[in-house]
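# Residue-level structure breakdown
Chain by chain, the residues:
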Amino acid sequence: MNTTTVPTTVRVAGQENAIAEVPRDAAGEACALDSRADLALEGMTCAACATRIEKVLNRIGGVEAAVNFATESATVHYDPARADVDALLAAVARAGYGARVKVEDSAERDLESSRRETAWRVLRRELAISIALTAPLLLQMVAMLVPGITQGHEDLLPRWLQFALATPVQFAIGRRFYVGAWHSLRGGGANMDVLIALGTSIAWAFSTVVTVLGLHQHVYFEASAAIITLVLLGKALEARARARTSAALEGLLRLQPAIAHVERGGETVDLPLAEVKVGDRYVVRAGEALPVDGVVIDGASSVDESMLTGESLPVAKAADAKVFAGTLNHDGFLRCRATGVGSATLLAGIVRLVGEAQGSKAPIQKLADRVSGVFVPVVVAIAVLTFALAWWWVGDPTVALVNAVSVLVIACPCALGLATPTAIMVGTGRGAQLGVLIRNAVALENAGRLTTLVVDKTGTVTEGRPAVTDVRPFGGRTRAAVLATAAALEQRALHPLAQAIVAQALREGIVVPAVEAFAAVSGKGARGQIGGHRGGEPIAGSNGDGDDARSAVVGSLQFLADEGIAIDSREIDALHATGDTVVAVAVDGALAGVISLADRVRPTSAAAIARLAAHGVDVVMMSGDNPATVAAIAGQVGIADHRGAMTPAVKARAIRDLQAQGRIVGMVGDGVNDAPALAAADVSFAIGAGSAIAIEAADVTVVRDDLGAVVDAILLSRATRGKIRQNLFFAFAYNVLGIPLAALGLLNPVIAGAAMAMSSVSVVSNALLLRRFRPNR
């Protein structure tokens with residue numbers, strides 16, 4: 001969300017001088033920008049149009065808008081108490097453009113595709129007519145350059161014929177430029193259409209006057225017609241190139257089948273996806289795509305998930321395995337229960353996120369937007385100055401007029417407006433193909449600037465599926481008693497270690513007792529009151545009569561030490577040295593036992609760490625686990641900077657310390673215990689998104705359970721930033737060099753028009769090279 005925020009100091013319980021963000025609209029007034037509208041825009045022809053619409057929308061009270069020229073869309077956050085959608089649409093209409101609310105469904109996408117195809121056919125027909133009418137004029141221009149062809153005459157074609165050929169091009173084919181210029185000027189702005197209409201009209205009008213009055217002056221009918229034809233050709237090439245920038249997103253949309261084989265009333269019926277509900281049971285045959293997200297009930301198969309994860313190898317699926325809409329069932333029969341349908345599928349979340357990212361603006365684009373806002377008036381002023389100075393210096397108004405026309409037609413704000421958004425569109429689309437989901441352009445830009453990556457241990461470097469390997473009771477207690485006590489307190493926690501302890505207790509048939517006065521201490525452990533006998537093994541320390549309640553604590557060794565519980569670390573150190581995580585259990589202030597858990601290091605983690613180092617990114621492991629365990633895991637994957645016994649608040653503070661050193665810091669975590677650290681980082685990464693909800697949790701989400709995918713995201717971001725810089729350099733250099741050359745009379749208006757038409761095409765084509773991005777693994 002692009003809401004402008006102003007820090008305001010507020011008092012938060014337990015936090016001194018915490019900072020809360022007060023949202024403000026574009027005018028700087030405090031408001032509640034809690035409503036959003038996505039608008040599809042019509043009639044934009046260049047970046048100046050986008051800048052104009054953005055200014056108009058942001059003048060409305062309680063509105064903060066961002067317009068994207070490449071996607072022809074606007075994202076508007078507004079205060080419903082001060083503005084509504086009708087006011088937004090009316091403001092765009094007053095500015096001379098069209099707008100409608102975007103609806104993300106298949107019918108709307110089909111309608112939009114039909115509109116684009118119709119517009120393409122019209123443009124192609126007009127271009128063909130324009131080429132046919134302009135070709136004789138250009139042939140005459142070429143003939144004039146070859147000695148002897150014109151037999152001493154100035155014109156190969158009669159001037160009345162030149163007039164007859166050029167006029168339809170100027171006013172019939174070129175009508176779109178006059179309409180666009182009128183709408184822009186009526187709305188109080190000026191766009192590229194103003195430059196094209198003004199420049200070609202001057203050339204046509206001058207030539208017409210010379211022809212009608214029979215003056216002995218050169219005519220420029222070929223210039224006016226050729227400029228319009230070349231601009232149309234550039235628009236046609238640009239439209240096709242821009243269509244390819246969104247090809248990745250459209251490819252994702254085509255993955256989902258139109259129907260599902262759903263079990264209803266004892267038989268299998270084919271239903272449209274809109275009628276499938278959560279909980280429905282459906283079947284997927286070999287070779288079919290999965291219609292919705294689900295969990296396998298029966299059957300076994302291998303599923304190609306490369307379209308979502310970027311991983312080419314099929315994934316084996318059996319009972320209880322998760323499956324996702326749009327993935328391809330290879331060779332088996334699967335019977336599944338629907339868990340996510342409609343907009344709640346992983347595929348829908350990916351499409352939504354990529355669409356939002358493609359419509360967002362990168363900070364690097366701000367300069368181009370500012371230039372686009374004043375570009376056309378400045379160019380018109382330069383053209384007027386060129387005409388005056390050239391006439392004064394050369395003494396020939398015809399030469400001065402030609403130079404001024406060249407200035408008008410070579411100037412192009414479109415390349416500036418397309419430089420950043422086209423690269424972002426292609427980059428985010430390519431990321432989606434690789435299983436890398438980037439929330440917005442700001443995250444994309446920052447990810448490429450990272451110098452330090454902070455990683456959590458559990459679920460990031462390791463697989464995140466720890467298992468109990470040993471239970472060591474102390475003081476005459478039993479293994480079952482220690483497990484029962486730990487499970488009682490851990491059953492309310494979401495951390496993988498807690499879930500592993502509870503699962504082990506259930507596997508061993510231990511009845512988990514109830515807990516009273518439960519209190520969790522984030523990143524450390526938990527405490528509570530546990531009753532004695534509960535129909536199974538007594539809790540650790542209980543006399544087993546069922547009448548007493550004991551105070552119990554479970555958590556890290558440091559947490560128990562902070563609670564004043566004495567711990568003999570000699571036996572425990574041996575467990576830490578192997579990389580095991582140790583959870584301690586205490587009852588009534590005395591150590592009752594320790595539970596050892598092992599979490600396997602991901603096979604790809606060491607290679608990912610090495611790749612990060614090779615690309616100049618320092619890796620720091622921060623974990624709440626014991627320092628000795630953290631050191632053992634870090635040693636296995638090659639991380640030199642590792643820190644253990646860190647609470648979420650301490651992690652966040654450590655990240656801010658790294659940022660204070662001038663580093664750009666990213667954080668990879670699970671989004672639950674690491675929420676403060678993820679929020680503090682410049683870019684947050686989430687690994688292994690198994691649901692649409694998980695996609696909303698981080699700046700960058702990698703669908704694969706692989707730290708290497710984070711490296712892919714960073715490299716993709718760097719490649720995209722490189723294309724943005726190349727495009728902006730070209731767009732600025734083109735105008736900075738082209739306008740002075742035209743003003744000095746070194747560029748013919750036809751050549752200037754061709755250069756202007758090709759500038760936008762070259763920017764979009766350069767961005768399309770990102771489709772070839774391949775992460776070096």
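Quick note: structure is the one above.
Below: a short report on this structure. As the structure is a prediction and not an experimental result, all values here were calculated from the model.

Definitions and limits used
- Residues numbered from 1 in each chain as written.
- Predicted model: local features only at pLDDT ≥ 70, side-chain atom pairs only at ≥ 80, totals over all residues.
- Heavy atoms only, no water.
- Buried < 20%, exposed > 50% of the residue type's maximum accessible area, 1.4 Å probe, protein only.
- Helix = DSSP H or I, 4+ residues; strand = E, 2+ residues; numbered from the N terminus.
- Pairing = 2+ DSSP bridges.
- Salt bridge = Lys/Arg side-chain N within 4 Å of Asp/Glu carboxyl O.
- Contact = heavy atoms within 4.5 Å.
- Expected span 1.5 Å × (residues − 1).
- Axes fitted to C-alpha atoms, helices over the stretch in contact; angles between N-to-C directions.
- Bend = angle between axes of the 7 residues up to and from the residue.

Before going further, it helps to examine the pairing of strand β22 (residues 590-598). Burial within β22 is extensive, with 7 of its 9 residues counted as buried. Taken together, the 7 bridges between strand β21 (residues 581-587) and β22 define a ladder with antiparallel strand orientation. Bridge pairing links A586 to L591 in β22. Linking β21 back to β22 in an antiparallel pair, the connection comprises 2 residues, with D588 at a positive phi of about 50°.

A complete count under the given rule lists 19 salt bridges for this structure. Across the pair R472 and D470 runs a salt bridge whose closest N-O atoms are separated by 2.8 Å. Linked through salt bridges whose partners overlap, the residues forming this network are R611, R704, D706 and D712.

This part takes up the environment of G593. Along the chain, the position of G593 falls in strand β22. Sequence spacing of G593 and A481 is 112 residues, and the spatial spacing of their C-alpha atoms is 9.3 Å. Sequence-distant contacts of G593, defined by excluding residues within four places in its chain, comprise R472, P473, F474, V482, V583, A584 and V585.

What follows deals with helix α25 (residues 708-743). With 36 residues, α25 ought to run about 52 Å at 1.5 Å a step, and its terminal C-alpha atoms sit 53 Å apart, in line with that. Where α25 terminates, the next one or two residues include G745, which has phi positive at roughly 80°.

The pairing of strands in a sheet happens through backbone hydrogen bonds and is either parallel or antiparallel. The 4 strands lie next to each other as β4-β5-β3-β6, forming an open sheet whose pairing is antiparallel. In this open sheet, the two edge strands, each paired with only one partner strand, are β4 (63-68) and β6 (98-101). Each adjacent strand pair in this sheet contributes to an overall mean axis angle of 25°, direction not counted. Of the strand pairs in this sheet, strand β3 (residues 35-42) and β6 are connected by 4 bridges, and their pairing is antiparallel. The residue of β6 that forms the bridge with A40 is R100.

A word on helix α13 (residues 414-433). Its 20 residues give α13 an end-to-end C-alpha distance of 28 Å, which sits within 8% of 28 Å, the value for a rise of 1.5 Å per residue. Taken as a whole, α13 carries its principal kink of about 25° at T420; the proline P421 stands between one and four residues after it. The buried fraction of α13 is high, at 19 of 20 residues.

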